[in-house]
Amino acid sequence: MLVREMYEYSLLYEDSTLAHSLYHLLAEKKISLDDDMSKIDIKQANHEKIAELVKKNVLGIRKIGIYSLKMDKKNFVFIYASSEEEAIQFYRKSFHKNPLNCHEYLLDFELSRGNDVISFREMRKEFERFPTVAGYYVKGESTRLA
């Protein structure tokens, strides 16, 4: 795998440490995008500098997940948030009660929306602010997100 592919992967999957490590090595010209990842010596990286880059978040990576919060026996709401705690807090603020439970879903989980199939990862691109409600699901009616 090339550095370019690994860098794209790290950005797509929001792996902040890996992305900032590659960014640092590229900026220091210790590697190039066309290098083979198997030949990269990570020891040549300045780990203090990488920790600083991650802390400053120079690449603007904000990991956002998708959480299913149970509203009652049959109703669920899906919320994009940076953590389970943030999803629950947003739920409380929005619905003025506590959820019955909260579970994180994989962003690559696919669901029906209208006549299309979309993943939570693709759907997330439609939103600019987080946390936010992605949609609702009623158990037993269909596998579609409202």
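Residues numbered from 1 in each chain as written. Predicted model: local features only at pLDDT ≥ 70, side-chain atom pairs only at ≥ 80, totals over all residues. Heavy atoms only, no water.

Enquirer: Honestly, the pattern of salt bridges in this entry has me stumped. Any pointers?
Expert: When charged atoms on two side chains of opposite charge get close, those side chains can pair. In the structure shown here, the tally under the stated rule is 7 salt bridges. We note a salt bridge from Asp34 to Arg4, for which the minimum N-O separation is 2.6 Å. In this pair, Asp34 sits in the loop between helix 2 (16-27) and helix 3 (47-56) while Arg4 sits in helix 1 (residues 3-12), placing the two residues 30 residues apart along the sequence. Here Lys56 makes a salt bridge to Glu52, at a shortest N to O gap of 3.2 Å. Of this pair, Lys56 and Glu52 are both found in helix 3, 4 residues apart, which corresponds to roughly one turn of the helix. Among the residues examined, Lys56 registers a relative accessible area of 57% and is labelled exposed. Classification of Glu52 by relative accessible area gives partly exposed; the value is 38%. (Salt bridge = Lys/Arg side-chain N within 4 Å of Asp/Glu carboxyl O. Helix = DSSP H or I, 4+ residues; strand = E, 2+ residues; numbered from the N terminus. Buried < 20%, exposed > 50% of the residue type's maximum accessible area, 1.4 Å probe, protein only.)

Enquirer: Quick question: what am I supposed to make of unusual backbone geometry here?
Expert: A negative phi holds for most residues other than glycine; trans holds for most peptide bonds. That bond from Phe130 to Pro131 is cis: its omega, 5°, falls within 30 degrees of zero. On the secondary structure map, Pro131 appears in the loop between helix 5 (120-124) and strand 6 (132-138). Phi at Glu14 is positive, roughly 55°, even though this residue is not glycine. Of note, Glu14 is situated in the loop between helix 1 and helix 2. For Asn57, which is not glycine, the phi dihedral falls at a positive 55°. Of note, Asn57 is situated in the loop between helix 3 and strand 1 (65-70).

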